[in-house]
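Survey of secondary and tertiary structure
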Amino acid sequence: MSRTDGPRTDGPRTDDPAGGTLESEAPPEMNPAVGPRPSPRGPQEPIRFVWDSVVMGWRWLVRMRTALYLLGVLAIETLIATVVPQAPNVATTVDAWLAGTEGPGATVSAVLDTFGLFDVYGSTLFLATLFLLYLSLTACMIPRVRAWVRLVRRSVPPRSRYPDRAEVAVAFATAAEPDEVHTAAQRLLRDRRWRVREELRDGAGPPQVAAEKGLWSREGGSLLFHLSFYVLLGAVVFGQLSGFTGQVGVVEGEPGFSDTISQYWTRDPGRLWDEGDHAAWTLALDGFEVDWVRDPLAPGAGQPTTFASDVTVTSADGEVTDARIEGNAPVTFEGMKVTQLDWGYAPLFQIEVDGEVVWEDFAIARASGDGIPHFRTAAKAPSAEPDVGLDVFLFPFAPDGEDGPQLTGAPWAEAPLAVVRSYRGDLQLGRTQQSIWQLDTSALEPGGDTSLRPGDEITFDDGVTVRFVELRRWVGFQVSNRPQLPWLLLASAMLLGGLWPALYAYRRRLWVAATRDGTTGRTLVTVGGRAFQRPQAFEEEHDRLVRDLAGATGGQLLASAPPPRVTAATAPSHHPPTAPDPGARP
Amino acid sequence: MSQDQLAELSRLLYSPVTLLLYGTSAAFYLYSLTTTVGRQDQPRGGGRLAALGYGRIARWLGSALAIAGITAHVSHEVLRGIVQERLPLGNMFEFTSAMALAGVVAGLVYLQFVRKRPELNGFVMMAGTLVLASALLVYSSPGPLQPILDTWWRSFHVTLIVISAGILTAGFVFTALYLLRDTAERRVAAARTAVTAGSTVGAAHVSDLHSADDASSVAERVAPDGRDPAGTPEDDDRADDEDAVRYRTALRAAISPWKLALFTFLGTSTVSWVFIATPTLEVGTGVQRFLSVNLGLVAAALIARWFVPFLPPAATLDGLAYRTIALGFFGWTFGVIAGAMWAEQSWGRFWGWDPKETGSFLTWVAYAAYLHARATRGARGRSAGWIGLWAFAVLMFTYYGVNLVIVGLHSYAGLQ
C-alpha cells in the first residue's frame, strides 16, 4: 500500500516511496491527499504499552507459523544434541572433546561449551523453547477447546437450500411417499451414528433430512493429541519430583546390599523422595550367568548369548524371594524395580604392608576397549603409610603359551591374568576428583609391576605384598521407583488415540430431500452431501448411503437426471474447508 | 538343505533376484505411465487401441513383477529368519531390507488397490530398488542376536519403526515428485502468463483442478487455445494433441537437469557424508559408498525429471504425499513410544536422550512440522513439501548417521 506524506502530485505515481505501484485510474479529486493520520489516542502510557505488547505477543504465540518456527528451533537444538556428545550421557567423550583429543579440536569445543551445547537438554535455551512451545500450545488450545465444546453442545446439522447442488449429489426415484423416505433416511442415518436434525421442516422450505457426522472426532482427536502433551509434561515433572533412581554393584556370593539411601553408589532421588520411601530389603547375588559365542569362526563370534542374575531378596520383615533378573526382564520388589544394567569381574586382592593387611576387598573391574579388550580397576589402600595403590588390568582369558601368557581379549574367565602395577605415595583421596576404577598417579611413585593368576602372590621391593585371592563377578543393578509411569502410559494412549482420528476422521454433512413428482406420480429423492476433509472417502460413503436408502425405500437410481455432480469431491483432501470451521486453528 | 545352503539361497533371493524383479517392475510401470497421458504417443488409425493395450500390458507386467519381487523378498526374509532362528530385524542390513519391503508393499497396496493409480507405482518401485540396493552397502551374513535384543519387544518396536520408515520413504518419493511437478507447472504457467497477460492459466494448478485429476485435463486447462473455430473435430483433436505435446515439452524443459543433478547431489550429501565419516570403514570404501549413494539418487532424480510431463497434477501428488506421511507419522509415533516402553524394561529408563532416541525425536518433530505446515495457510504446498524433504533427510540421518558415526546404546544395530 502506498503512503502519502506530502501534497499529492497529479497522475499515477511510479516512484512510490513504499515500493508498491499505485496506478489509479480515478481522477485526482477522487483521491484526496491524506494528511498525517491522527493518533487514535494520546501518548501511550507505560501500562498501555505493556498491555499492548502482551496482546501482541499473545497473538504472535497463537499463530500456527510461530508454532512451526518453534518446532524448527527445537529440531535444530535436537540436531545439535545428536551430533555433539552430551555430558549427562557420555561425560568422558565430552572431556575428550574439551581436551582436544577427540572431536573437532579444543577451540571449537570451547566455543560449543560457551553456548552450553554439551548439555543441550539442560540448557536455558532448550527450556525456553519448550516453555514457548507449551505457551503457544496453550494459547492455541484455549480458543480451540472452547469452540469445540460449543460445537459439540450446540451444533444442529444445518439445512441446505439446494441439496441437489451439493458437492456430491445423487437422485433416485421411488414409489414410496416422501414422508416414508424421510423417516427411512432418518432411521438409516441414526443407525450409522449421524447427528440428525430433529425437525424436517424449517419455516416455508420443503421438508428435508439434514445430518452431520465426524463433527467432533477429527477436531476432538487433534485436541486430545495436543492435550496429551500436558499430561506428558505433568508426568515428567511429577517423576522428577517424587521418583528415585540409584545404581549399585553387587559381587557374586557376597552379602549383597540393602535398599537404604547410604548403600547406593550413585543415586538420584527426587525432591519429594525421602529415606522412609525405601523398601529396605536386602539383595544378594547368588549367581550370574553370562556366556558368549566362543567359536571364533561361528557367525556373531564373541557376542554374548546369556546375561542373567539369580538373586535372593529378603524383605525388611524377613520374607525371602528368589528371582532371576535378565536384560529385558527387571523384577520389582515392593515398588522398587531392579534392572540389570552392567557387569564385570571382581578380583579379590589382599595387600599387606610389613605384615599388616591394609586392604582386602573385591576390586570392581569394568570392561575397557583400549588395546586388547580387558577389564580395568584399581585398589586404593589409604590406611597404609604412605598410601598404597594398585592399578589392575585383568585379562580373563590369557592361556599360557610358549613365550608366556597369551592375551586374547576374550571375555570368558578360563585363564584369568591380572597385570598389576603397584604405587606408593599420596592417593589424594578426597582432594582430586577421581573415578573408583583408576588411580590418580600424579603424587604416586611406581613400585613395580607383575602379572598374577588367582592364588599367586608377590612381594615388591618396597615391602608391599599383593595376593590375588580369587576372581568373582559383579553385576550392576539399577534400582528405581517411577511413580509417573501410569501417567506416561495415559499420555501415550491419548497421543495415539487422538492422532488417529485427527488424521483420518472427516466431517461431512448430508441432506435428503424427497418430493412428489406430480407428472409421474413417483417420489424423487435427492441425496446431497459435502465433506470438509477426505472427499474421496466421503464419495464412497455417500454411494453406500444412497444405495442403502434406495434399497430401504424400493427406489431406483436415476441414470440421467439430475447428473451426479462430483466436482469438488475429487479435489485433494488438503484444501481448506470453504465454510467457516470454528474448530480450525487460526 | 544345510544351513549354509539356505543362507546362500537367501542371499541369492535378495541379490540379484529381488533387485532385478523390482527394477524391471519399476521400468514397466514407468513405461505404462507414459501411455496414460495424451494421444500423440499412439499411432493414428486402428493402432490407438493397440497402444492403449501396450500401456495396460506394461501395467499388468509391472504388477506381476512387483508381486513376484515381493514374494522373492519375503522368501529371502523367511529363509534368513530360519537360518538365524530369529526374526530378521537385528542389524542395519535387515532393517534396510525390511524397510524396502514395507515401502514397496505399502506403495503397491495403496496405489494399486486404494487409489487405483498403479502407474505411479513405478516411482515407489524405483525407490524400493534403490533402498534395497543400498542395503548391499551394509550387508552382513546371518548371525545370532545379543541377548538384550532377544525379546518380543524388539519385534514390536523395530517392526513398527521399520514399517513406518518404509511408508515415510514412499511419502518422500511423492513429496519429491510433487515438488518437481509443481516447479515445472509453475514455471510453465509463469511463462505463459507472461506471454498472454491477463490470462488465468497461471492459476490452473492451484485450486482450479477439481474436475478430474489427470494430466491431460491439466493440459487442456492450461492450453485450451489452439483450435481453429472452423475446423473439423479431427482438426480439433490434432490441435489439442499439438498443444498437449507442447505443454509437456515445456514442463520437462522447465527443470534444468544440471541444476537438479547438482541440488540432488548436495541434498543427498547432507546424509551420505556419514559413509566417509564412519570410523570403521576405510576412507576409500567410504568415498565409494558416498558416491554410489549420491549418484544413484542423482540418476533417480533425472529419471523422475524425464517423467515430469506424465505425472498427475501437483495437487494430486501433494495429496498422496500427505496421506502416506500421515500414516507413517502415526506408525513412527507408535514405534517411538514402544521403544520408550522397551527402554524402561531393558535399560531401566524410558527416555535418556541417547543419540538414537534424540534422532527419532528429531524425526518426529520434523514430520510433525510437516503436518503442521500442511495445516497452516501460507505454508501449505511448497513450503510443506520442502519440510517433508528435510524430514526425510533427518530420518535417514537418524538411521545411518547415528548407527555408523555416533556411538550410543543403539550401536549394536550397526555394521558387524
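Residues numbered from 1 in each chain as written. Chains lettered and ligands numbered in written order. Predicted model: local features only at pLDDT ≥ 70, side-chain atom pairs only at ≥ 80, totals over all residues. Heavy atoms only, no water.

Now for the interface of chain A and chain B. Taken together, the contact between chain A and chain B spans 58 residues of the former and 62 residues of the latter. For the pair chain A and chain B, the summed buried surface comes to about 4,900 Å²; carbon and sulfur atoms form 65% of the total. One can count two salt bridges joining chain A with chain B. Where chain A packs against chain B, one counts nine residue pairs in polar contact (both at pLDDT 80 or more). The set of elements that each furnish at least two residues to the side of chain A that touches chain B consists of helix H2 (64–83), helix H7 (217–242), strand S8 (304–314), strand S11 (336–353), strand S21 (464–481) and helix H8 (485–504) of chain A. No other element matches H2(A), which puts 11 residues into the side of chain A that touches chain B. Its residues assigned to classes, the side of chain A that touches chain B shows 31 nonpolar, 22 polar and five charged. (Contact = heavy atoms within 4.5 Å. Buried area = accessible area lost by both parts, 1.4 Å probe. Salt bridge = Lys/Arg side-chain N within 4 Å of Asp/Glu carboxyl O. Polar contact = N/O pair within 3.5 Å; in protein donor to acceptor, adjacent residues only side chain to side chain. Helix = DSSP H or I, 4+ residues; strand = E, 2+ residues; numbered from the N terminus. Nonpolar A, V, L, I, M, F, W, Y, C, P; charged D, E, K, R; others polar.)

A separate point is the sheet that holds strand S15 (residues 387–395) of chain A. All names here are of chain A. As summarised here, the arrangement of the five strands in space is S13-S14-S15-S18-S19, forming an open sheet in which the pairing is antiparallel. Whereas interior strands pair on both sides, the edge strands pair on one side only; in this sheet they are strand S13 (366–368) and strand S19 (444–452). Each strand of the sheet is rotated relative to its neighbour by a mean of 25°, with strand direction disregarded. One ladder, built from eight bridges, connects strand S18 (residues 417–425) with S19; its direction is antiparallel. Pairing of Val419 across the sheet is with Ser451, part of S19. (Pairing = 2+ DSSP bridges. Axes fitted to C-alpha atoms, helices over the stretch in contact; angles between N-to-C directions.)

Residues and elements named next belong to chain A. A grouping of Arg146, Arg150, Arg153 and Arg154 is seen on the molecular surface, where their side chains present a positively charged patch. Tracing the chain through its elements places Arg150 in helix H5 (residues 124–154). The exposure class of Arg150 is partly exposed, given its relative accessible area of 43%. (Patch = residues over 30% accessible without salt bridge, like charges linked within 9 Å, V, L, I, M, F, W, Y side chains within 5 Å. Areas by Shrake-Rupley, 256 points an atom, 1.4 Å probe, with all protein chains shown as cover. Lys, Arg positive; Asp, Glu negative; His and termini not counted. Charge placed at Lys NZ, Arg CZ, Asp CG, Glu CD. Buried < 20%, exposed > 50% of the residue type's maximum accessible area, 1.4 Å probe, protein only.)

Next up on the list: the pairing of strand S4 (residues 244–251) of chain A. The side chains of a regular strand alternate between the sheet's two faces. All names here are of chain A. Across the eight residues that make up S4, a large majority, seven, are buried. As defined by bridge partners, S4 adjoins strand S6 (residues 266–269) across four bridges and the pair is classed as antiparallel. Paired with Gly246 across the strands is Arg267, a residue of S6. Both S4 and S21 contribute to a ladder of eight bridges, which runs antiparallel. Following the sheet pairing, Gly246 is matched in S21 by Val479.

Side chains three or four residues apart in an α-helix point the same way, a direct result of the helix having 3.6 residues per turn. Taking 1.5 Å per residue, 24 residues should reach 34 Å; helix H9 (residues 283–306) of chain B reaches 34 Å between its end C-alpha atoms and fits that length. Here H9(B) has its buried residues at B:Gly286, B:Arg289, B:Phe290, B:Val293, B:Asn294, B:Val298, B:Ala300, B:Ala301, B:Ala304 and B:Arg305. (Expected span 1.5 Å × (residues − 1).)

All names here are of chain B. When pLDDT is averaged across chain B, the result is 80; 81% of the residues are at 70 or more. Residue range residues 201–217 is modelled with pLDDT below 50. Its contacts to residues more than four positions away, or to other chains, number 39 contacts. Complex prediction metrics read pTM 0.81 and ipTM 0.80. (pLDDT = per-residue confidence, 0-100.)

Each aromatic ring pair is specified by the distance between its two centres and by the angle formed by the two planes. One pass over the structure, following the stated rule, counts 40 aromatic pairs over all chains. Aromatic side chains A:Trp343 and A:Phe375 sit 5.6 Å apart centroid to centroid with 55° between the ring planes, which places their arrangement in the tilted category. Of this pair, A:Trp343 sits in strand S11 while A:Phe375 sits in strand S14 (residues 374–381); the two residues are 32 residues apart in sequence, bridging distant segments of the chain. This pair shows no difference in class: A:Trp343 is buried, exactly as A:Phe375 is. Here the aromatic rings of B:Trp306 and B:Phe310 are separated by 5.8 Å at their centres, their planes lie at 40°, and the arrangement is tilted. Ring pairing ties together the aromatic residues A:Phe288, A:Trp292, A:Phe307, A:Trp343, A:Tyr345, A:Phe375, A:Phe397 and A:Trp412, which thus form one cluster. Positioned above the aromatic ring of A:Tyr162, the side-chain terminus of A:Arg165 is 4.1 Å from the ring centre. When the ring centre of A:Phe532 is taken as origin, the NZ or CZ atom of A:Arg530, which lies over that ring, is 4.5 Å away. (Phe/Tyr/Trp six-rings, centres within 6.5 Å; stacked < 30°, edge-to-face > 60°. Lys NZ or Arg CZ within 6 Å of the ring centre and 35° of its normal.)

Think of it this way: side chains of opposite charge can pair up when their charged atoms draw near. Going through the model one piece at a time under the given rule, you end up with 29 salt bridges over all chains. The partner of A:Glu212 in a salt bridge is A:Arg509, and the shortest N-O contact between them spans 3.1 Å. You can see A:Glu212 sitting in strand S3 (residues 209–213) and its partner A:Arg509 sitting in strand S22 (residues 508–516), a full 297 residues away along the chain. Take A:Glu212: its relative accessible area is 1%, and that puts it in the buried class. Since its relative accessible area comes to 15%, A:Arg509 is described here as buried. With a closest N to O distance of 3.0 Å, B:Asp318 and B:Arg374 form a salt bridge. One end of the pair, B:Asp318, is in helix H10 (residues 314–346); the other, B:Arg374, is in helix H11 (residues 355–374), with 56 residues separating them in the sequence. Comparing B:Asp318 with B:Arg374, the two get one shared label, buried. Here the salt bridges share partners, and the residues they tie into one network are A:Glu289, A:Asp310, A:Arg324 and A:Glu326.

Turning our attention to the sheet that holds strand S7 (residues 282–292) of chain A. Residues and elements named next belong to chain A. Read from one edge of the open sheet, four strands run S5-S7-S8-S9, paired in antiparallel fashion. A strand with exactly one partner marks an edge of an open sheet, and here the two such strands are strand S5 (257–258) and strand S9 (320–326). Two strands pair when backbone bridges link them, and S7 and S8 are joined in this way by 10 bridges, in the antiparallel orientation. Each residue of the ladder has a partner; that of Val290, found in S8, is Phe307.

All names here are of chain B. A surface patch of nonpolar side chains, amounting to about 390 Å² of accessible area, comprises Ile276, Val283, Val287, Leu291 and Leu295. For the nonpolar patch, the element with the most residues is H9, which contributes four residues. Mapped onto the secondary structure, Leu295 falls in helix H9.

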